[in-house]
Each structure stands twice: as structure tokens, then as C-alpha cells.
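Observations on the model geometry
Here is what each chain is made of, one letter per residue.
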Amino acid sequence: MLNFTPKELQERKSGGMINPAKTCQPIGAMYAALGIHRCLPHSHGSQGCCSYHRMHLTRHFRDPVMASTSSFTEGASVFGGGANLKTSIKNVFAIYDPDIMAIHTTCLTETIGDDIPAYLGTAEIPEGKIVIHCNTPSYVGSHITGFSNMTKGMVTYLSEASTETKKEQVNLIPGFVNPGDMREIKRLVKVMGINFIMFPDTSGVVDSPMTGKFEMYPKGGTTIGELKDTGNSRLTLALGSFASTDASLALERKCKVPAKIMKTPIGVKATDEFLMALRNGFVKEIPYELEEERGQLVDIMTDTHYHFHGKKVAVFGDPDIVIGLTEFVLSLGMIPVHVLTGTPGNAFEKELRAMLLEAGIKGNVKASGDLFEFHQWIKNETVDLIIGNTYGKYIARAEDIPLVRVGFPILDRSVHSYMPIVGYKGAMRLIEMISGALLDKQDRDAADEDFELVM
Amino acid sequence: MAVNEKDIDSILEAYPAKVKRNRKKHIVIKDSSLAHQEIEANTRTIPGIITNRGCAYAGCKGVVLGPIKDIVHITHGPVGCGYYSWLTRRNKAKTLEDGKNYLAYCVTTDMQETDIVFGGEKKLAKVIDEVVEIFKPNGVTVSATCPIGLIGDDINAIAKAAQEKHGIPVMAFSCEGYKGVSQSAGHHIANNGVLEWMVGKGEMTEAPAKYSINMLGEYNIGGDSWEIERFLKEIGYHIIAVATGDGSYENLKNTHVADLNLVQCHRSINYIAEMLEIKYGTPWLKVNFIGVEATVKSLRDMAIYFGDPELIQKTEDVIAREVARVEPILNQYKKICEGKTAFCFVGGSRGHHYQKLFADLGIDTVLAGYEFAHRDDYEGRQVIPDIKPDADSKNIPELHVESDKKLFKLKISPEKAEELKKKIPLSNYEGMNAEMKDGYLIVDDLNHFETERFVELLKPDIFASGIKDKFIPQKMGIPSKQIHSYDYSGPYAGFNGAVKFAEDVTAMFTTPTWNFMTPPWKYKPMLEGTVEEEGN
Ligand code: SF4
Ligand code: SF4
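As a starting point, this report considers the structure included with it. Since the structure is predicted, the reported quantities are computational estimates derived from the model, not experimental observations. (Residues numbered from 1 in each chain as written. Chains lettered and ligands numbered in written order. Predicted model: local features only at pLDDT ≥ 70, side-chain atom pairs only at ≥ 80, totals over all residues.)

Topic: the overall build of chain A
Counted only if it meets this: Runs of H or I in DSSP of at least four residues are treated as helices and runs of E of at least two as strands, each being numbered from the N terminus. Atoms counted for the radius of gyration: C-alpha only. Globule rule: 2.2 Å times the number of residues to the power 0.38. Each residue is classed by its C-beta neighbour count within 10 Å, where at least 20 other C-beta atoms makes it buried, 12 or fewer makes it exposed, and intermediate counts make it partly exposed; the C-beta atoms are placed from backbone geometry.
Counting its regular elements, chain A contains 18 helices and 14 strands. Radius of gyration (C-alpha) of chain A: 22 Å, near the 23 Å computed for a compact globule of 455 residues. For chain A, the C-alpha atoms occupy an extent of roughly 75 × 55 × 45 Å along the three principal directions. Relative to its 455 residues, chain A shows a buried fraction of 58%.

Rendered as C-alpha cells:
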């Protein structure tokens, strides 16, 4: 397994990637667009991209992922994609009847410089229907950038400041997380008794129930009305700076809704901060129900600390998730010695270095990294646990290290997209997974005389 | 169950006029009373249509090149394309003594904005250098993605220079996603390269053993090719190379000496098969190892080709033993499957092949089609001269081959070949349509809208397709089977594969989970009357 990955670290100067820890923008844009109610995401480019993105999302969520494509051929690549886009718009509304179509670009259309707004200006869009777009060149950023761009597109196209005074409601931008996480964030805010608009919101779309009927547009997703109304909210909480900042700032500029950029609420600290922001922003006491949950979490953390305290861990994945996970494993007394994301961004390195410094840990931190290097780090300093997406299983097997699957994509296990990692409940689940993985390994490796009933 | 034109029209009615006209030509109701039924295929997908099709890159790097294990495959482009084609197809490969198996590695030049603006040639050259140094592979391929052709990177020149520098084959494939109309263009581009740069590069000048064959168009999904090799070897065949499942450059370079080429997936590999015949004098035989009956027929056809009584006897012995072994097991599953109906919409060959396996279980395929096939895969190879090249097919280079002066060897005489062609599909493929039943539907490039409507119309018991449409019928309560990735099971080929398939499909029908689809409160009254017992 991965026998060609040498221990010796040699700088690779080419700038190429071996076993990337990121993918391209459009898949993030497609996922974000699925979080609008009755929206059909549209991939402007050749059909291969759309096919790959639908395939990967479907494998992660195990639910239908509907999206259309401009199906470029060589001719369109030479003469521009205006005709393909206009035909697409006509066919999409005639055949699939969405309320809104959310167009994102691909490498191809970015390279030839297709001007989407210009095309939209002359396209036939049926009365009452909406088309929005964002640019998603895959040679910039990552899938997280694409998610961020589409979310921002929702604001630039739809948000309106239409009321004189702001409403007592909060905008929640959840970032690139699972529908299970979105549901948990919404639950926390509901328990707080605060009105909210979450966007995008893929819950009820990519975790839709089995009913005996296929719904092209399931019940979930932020409605167009709600998206417009985001301009009237009193506050936006942008959860996860990489995925949510741009939209929140655009909303601040466009509709004067103050933006507060926070961590994805993973673990006790970030969840505390999230609730405090709501409490202070809306002058609302934290109800006992949530205080009780928090107390339970801290109880568990303390009761089981010897399962994980002092264990070394390597974390990789998307930046907002990795930042949250690293902070949480630190609060568990674990030692994150390798932390990596494939998404570019100095802010990632800065934030994590500060975290490790504060904890007195010397570790490897890298943005724009790949799993080849991550594996080499582990070969040079081994760890007790790896936390990351499915691609980590090859390293885990090569080095015989347990893997806890968190993030995107998870292609080889199920149910994960329904279960949160955010909030206090999500933190409990993370502990269950981390403890379980460590103890399973201990059980597996124990001699008969050391094999224990109670642990 | 037969469908009529009116049913189709009423479904297509919902389309804008232009779409309707176009799609109508891709749909045929089988009618054997007609001399010939033409279907439109391998034409552009209409913009805006939700199609299952992928691109040329997927067909080239993803399908044909990707499985070659001792070569490092570099994707030249932004990160996505390489990422999505990394370990996602289930083409399994065993690592041999030399250790050279690179399938778990995904190498991409990860083009950045500056590379797009100033060109990515230098970066590509550096990535090749690094890869050769780290992996010491037997070869390197470079597959281009959409932006590469547009910015004008000369990947052939880079590859050539790298080949000279490193002394191993470095092969460039211009399989940009916008070429052609589907994966099919990529198959063709890859076939050309494999023939040009790999085949014939080995040291062998004649077949290393009796009954030497190549297996073409077999990708070892879920271990299919290992199951096929099991009985082929037992019968006495010597397999030189598999193209390309569990394949290697080491083996592919000697493909030219085989006595016969087997063609499993016609669409993705027929170019190589044809060119091998012209260049080296080796005929090909269309086989299908999916389904017991199909496997038996393929084995017998192979034996007829070689015509050796001993081989024929051994073939019959193995068939007798294997059939006796698996038939009773299949009969058990058949009790559950018999009389059911299927949709079978896959790629470019399996849409046909799997009908045989369904038939083994008593399941009738009422709608079948291919995602990216050509007319010959439907109507048979005799239509090839009638297929007019269009703008999209013209931009895929045709490799013109001639007989190899040193290595050409006619494996059988032209007279013998003619005689055999009457009995077996030698250098010929009859296509899917011939085997469909009257009144059943053949649909090319079946799209989402039609999937939904045809499922409503024909209510199949099982839907066999890929991951993107899998969960659509499944939400409607219809079991949905991935025939590209086998839902992570397999092998499904050969005798053991048929059993595995029967087991999996039966489980789909019988899983108790279907019983819970409707919650009890939807059919039970809220107020239940209590009948007082006597004496109370
Ligand atoms: S990297 Fe570009 S060409 Fe490749 S899948 Fe992503 S958008 Fe498409
Ligand atoms: S068998 Fe199907 S999946 Fe495989 S290459 Fe042929 S068409 Fe593609």
C-alpha cells in the first residue's frame, strides 16, 4: 500500500500534486446551489465536469444530485458558449421547471472567457423564473472557493434590504458541511428562540426521505423569498471563514447587515462562541436545555479523557473543518502534530500555527498541501490517529493507524451525512468516534492476558 | 408489456419541438418485421439536458489508460479531473514482484491561474521529472483536460523530450473533455496511443505458448477478469495481456504475437482490435463473459476458432463441470427473479451484455440502451460504412495503420476466416438490437426526464444503470443496480460472477427494508374500536 511514498522529504518544486487534498471549484458551487429550494444547478462547460461532480456528490450523500450541463463540443469551445447557454436555459425551464437556475462555470468556459452576465442579458428567461450565476475557475482555490462563490452569488443576485428597520432574525451561512450539520445548527438556534434564515441549506435536499416518490425538487432548501429577506436580517453569522466570509461581507456591503465571521462550531469552544454570538447579538439567555447538553459534553470529555489524552493525531481536510477539529482535539488533550488542507490560504496556516503555539506543540501545518506529503510527515513522526476523509484510508492502512472519517468526501461509509459533527451533540459524536477507533485498535492488538472487558 | 409509438410521443410531447425531433431519433421500438431499424447515436447531447454522459478525458484516462498499473498517469490540468478519476472505477490490480502498481496514486499538474495565462508546459515537464524520480515507472502517460488544448500547451513535444531524457515511454494524449460528444472520443484517442506506443514494443516475435490470446475491452471491475482468466487458463489458453484491467505496459507491449484477440467491450476497444488485425494479422472474436449462457457460447466460439479437438474437449469438460456446479444455485435465485423485468442502460457494451445475465435469471430486459455507443453497437458493424462522419467525430484523429513489415503474421488464412465467420462472430459484432425482443425499447443516451417517464410507463422491477441515476428509481421504490461499479460488489463475469450477481440482485428484491416505506399511520385508522370481551 502506497509503497512508493518515501520517508525522506524532498521538496517537490513543480507545483504539481500527488494525491490531492482538494478538488475543483464547480463541485462546491453545485453543492451550494442544491441548497436553494427548487433550484437546478447548471454547469456551463463540457458535460464531463458535470458528470464527475454529480457522481462524487451522489457517492458522498447517497441521494440524487440533479444538475444540468451546457454540453460543450469543440465548436462551442472555439466560438464561445453563448448559444449553448441560451439553449440550456430554454430547455431547463421547459423540461425540468425549476424556480431558479444557478449557473457556475468550469475551467473550459473560464479559459475562453465566456461572459455569463452578457449572455443572460439576451437569454429568454420565462416570466417569474430566476437565473443566477457565479464564476468558478478551477485553477483558483478549491471546491471550498466554489462553494463560497456560489453562496456569494445568492447574495449579489437575490438579497434585498426592503424593510426600514432590520428584522429580529439572524442569517446563518453554514459553509461546506453536511445536511446533518445544518440541521443541528438550526436546532441550536431554534432552542435559543431566535428567528433565522440559513443559506444555503441542503438539508431536506440531499438527505431526502424514501417515500415511494421521486421528487426532483425535494422539500428542503432556502426559498427565494428567504434569500431575498436575508437583506433585512439584523446579523449574519458566517460559519467557517473559508466558505462563508465572502457572502457575509457582500451582504454587509449590499444590505448593511453586519457580518460576524466565526469558526465552524465544531467542539466545545467554537460552539460556545457560536451561542455567545447569538446571545449577545439578540440579548437572549442561553436556555437550560443547551447548558445541560454542554454539561453532558464536558462530563463525557472528562470521564473518558484517558482514552485520548496525550495521543498524537494527524488531521486533514477542508480548511474550516480542519480548524474546528484541531481546536477540539486540543481541548481533549490530544496532540495534533500534522495538520493539512489542500485548499490554498495563508490564513489557514496562520490560525493553526497560533493554535499549536498556544498549546506548546511543534507540528507540521500546511495549506495547499497534498496527501503524499501528509503521508511522508506521518512516516517521519507517527501518530495514534488520523482524522480526515475517505482518501485517508490508504495511508491509514499503509501505516496501520486508525482513521476517523470526517469531512468531504466520505465514499466508503454511510449515515455520516445525516449525523452532525457541529454543536455539543456533534462533539459527543466525535468523541465516540475517536475513542472507538483508538480502543478498537487497542483491543485488536492486545494479548489475551491484556484484553479487557471494561475500558 | 410492448410499447407503441403513441406512448413514446406522449412522453416526448413535453419537450420543446427541437428537442423532441432530436430525441425521437434516439428511440426505437424493436420490430423484427422491418428489414432494418436505424437509431441515432454518438451525436451531441442537447445543451441543458440532464445526461449521464461524461467526457473524452473520462474515456481516455478514466477508462482505457487508468487501469494500466505499472505506468504513472499524469493528468495535465486543474485539479478536479484527476481527482474524480482517482480510484473511483474499481478496476482492480494485483501488485506483482516488481512492485510496480501505481493505481493508488493520483498525479495532477494542478494548473493555477498563472499556468493558464503563461502556459503549463514547463510545469508539466517538471512534474514528469519528479514522477520518474519518485516512482521509477515503466512508463508515463499525460492526459490533457479541457483548458490544455485551449491554451495551446504542446504536450506531445514535452512528452517526447521527457522520453529522451528518461529513457522510458512518455505518452501524451490530447483527450480534452470537449472533444467528440462523450467518453467515446476518449476511448478512440487512447486506443490510438496504446497501439502506437505500447503494442509491438516487446521483444517477442512469436506467441510464447499454444493458444495465446489477448483479452481486449475487459477492465477487471470488481475482479471480473480474474474470474474469466480462471477458466480460460484451465482450458489451456495463455493470456498475454488484458487491455486494460489489471493490465501492464510489460504485458501490453507483447500483444502483437497473440493468435487471437478477444473483444469484451466492443465500444471502448474495437479500434485496437481492428488495427491489430491490419498491422499484425490477428483476428478478433467478439465475446461476452457476462451470464452463464453467454460465457458458454463465448468459450465454444473460441474453441471453434482454434479447431483443435483436444481444446474443444477440454472446453466442454470445463463447461460441463462449471454449469453443473452453478446451475442448481442459480435455480434457487431464479425462483425469486423469474418473470421480473429490467431496464438496462449502461455505457457502451454492458447495456447489451447484462441482458444475458438477467435472462439467465428469468428477468426480461424491456428497455436497454447505451450512454455513449455508436450505431454499430446497436445495429451491428455492417452499418459502419453508412455512418457519416460529422464535425464532432472528425476532430478525433484516425490512426492509419499498415501491416508491420517485420511482425505481421497472418494467424489464419483468409479462406479459413471466411468459413469461420459463418459460425462465429469473428472480427464482427452484431450489436444489441438483434437480440432485443419485439416491442421492447432501445434508447440511446437515455436522459433524466425520459428515465422518469419510462419508469412510470413500464414499471420495471429493477433498474440497472450508474451512480448518477441510481437513487432516482430507488426513491420510487424500484431496486436500482449500478452496472458500472457493481455497487462495490463483484465479480459478475463468468460462472462465479453469475452466482454473485444472482445473490446481489435477489437481495435487492427481498431486502425487508422495502416493507417500511409507508409508515403505518398512512394506512391504519387513528381511532381503533375496542370490542369488549364477553363477561366484562
Ligand atoms: S478541473 Fe475543470 S475540467 Fe476538470 S472537472 Fe473540474 S471544472 Fe471540469
Ligand atoms: S463496459 Fe461499459 S463501463 Fe466499461 S468501458 Fe465499456 S462502456 Fe465503459
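There's more to say after this.
Some words on the nonpolar core
Just so we agree on the cut-off: For this analysis, nonpolar core means a set of buried Ala, Val, Leu, Ile, Met, Phe, Trp, Tyr and Cys residues linked through C-beta atoms within 7 Å. A residue pair is marked as a contact if its C-beta atoms, positioned from the backbone, fall within 7 Å.
If you look at the biggest cluster of nonpolar residues, it comprises 273 residues, and the most contacted ones within it are Leu385(A), Phe173(B) and Val194(B). The greatest single-element share of this core, amounting to eight residues, is contributed by helix α18 (residues 423-445) of chain A. Apart from the residues within four sequence positions on either side, Phe173(B) is in contact with Cys60(B), Leu65(B), Thr141(B), Val142(B), Ser143(B), Ala144(B), Ile189(B), Ala190(B) and Gly193(B). One finds Phe72(A), Ala76(A), Tyr139(A) and Tyr178(B) within the second-largest nonpolar core, a separate group that totals ten residues.

Some remarks on the site of ligand 2
Under the convention used in this document: Any residue whose C-beta atom, as set from the backbone, lies within 6 Å of a molecule or strand is reported as near that molecule or strand. Three residue categories are used. Nonpolar comprises Ala, Val, Leu, Ile, Met, Phe, Trp, Tyr, Cys and Pro, charged comprises Asp, Glu, Lys and Arg, and polar comprises the others, including Gly.
Around ligand 2 sit Val63(B), Tyr219(B), Cys265(B), Arg267(B), Ser268(B), Val346(B), Gly347(B), Gly348(B), Ser349(B), Arg350(B) and His484(B), and those are all the residues in its vicinity. Looking at the shell around ligand 2 residue by residue, the classes come out as four nonpolar, five polar and two charged.

So, the interface of chain A and chain B
Stated precisely, the cut-off is as follows: Only strands joined by at least two bridges in the DSSP assignment are considered to pair.
The partner chain B presents 68 residues to the 60 residues of chain A that form the contact. At ten residues, helix α2 (residues 47-61) of chain A tops the list of elements feeding residues into the side of chain A that touches chain B. Considered class by class, the residues forming the side of chain A that touches chain B number 25 nonpolar, 25 polar and ten charged. The sheet contact formed by strand β1 (residues 17-18) of chain A and strand β3 (residues 107-108) of chain B spans two bridges and is antiparallel. When the sheet's bridge partners are listed, Ile18(A) is paired in β3(B) with Val107(B).

A look at helix α16 (residues 371-380) of chain A
Residues and elements named next belong to chain A. Taking burial as the measure, the ten residues of α16 include seven buried ones, the bulk of the element. Residues of α16 that are buried: Leu371, Phe372, Glu373, Phe374, His375, Trp377 and Ile378. Those residues of α16 hidden inside the fold are in contact with β1, β10 (312-316), β11 (335-340), β12 (364-366) and α17 (392-399).

Side note on the sheet that holds strand β2 (residues 39-44) of chain A
Residue and element names in this part refer to chain A. What counts here: For helices, the fitted axis covers only the stretch in contact; all axes are lines through C-alpha atoms, and the angles between them, taken along N-to-C directions, range from 0 to 180 degrees.
Across the sheet, which stays open at both edges, the four strands sit in the order β3-β2-β4-β5 with parallel pairing between neighbours. Because the sheet does not close on itself, it has two edges, and the strands there are β3 (68-69) and β5 (130-134). Strands β2, β4 (100-105) and β5 of the sheet are contacted by helix α1 (residues 25-34), whose axis makes an angle of about 165° with β2. Sitting on the sheet, helix α4 (residues 82-96) is in contact with β2, β3, β4 and β5, with an inclination near 155° to β2.

Quick notes on the environment of Glu338(B)
Relative to the assigned elements, Glu338(B) resides in the loop between α14 (309-337) and β10 (341-345). When the C-alpha atoms of Glu338(B) and Leu361(B) are compared, they prove to be 6.1 Å apart, with 23 residues separating the residues in sequence.

Examining the site of ligand 1
Inspection of the region around ligand 1 gives 15 residues, with Cys24(A), Cys49(A), Cys107(A), Gly80(B) and Cys81(B) positioned closest. The site occupied by ligand 1 is bordered by residues of chains A and B. For the shell around ligand 1, the secondary-structure elements that each account for two or more residues are α2 of chain A together with α4 (79-84) of chain B. Ranked by residue count, the leading element in the shell around ligand 1 is α4(B), at three residues. Considering only residue class, the shell around ligand 1 consists of nine nonpolar, six polar and no charged.

Some remarks on the packing of helix α10 (residues 224-235) of chain B against helix α21 (residues 494-510) of chain B
All names here are of chain B. Applied cut-off: Orientation categories follow fixed angle ranges, with anything under 35 degrees roughly parallel, anything over 145 roughly antiparallel, 65 to 115 roughly perpendicular, and all other angles oblique.
Close contact between α10 and α21 brings their axes to 7 Å; oriented N to C, the two are set at 135°. Overall, the two elements α10 and α21 adopt an arrangement that is oblique. On α21, the residues that touch Asp224, Glu227, Ile228 and Phe231 of α10 are Gly494, Asn496 and Gly497.

Don't take any of this as a statement about function, it's just geometry.
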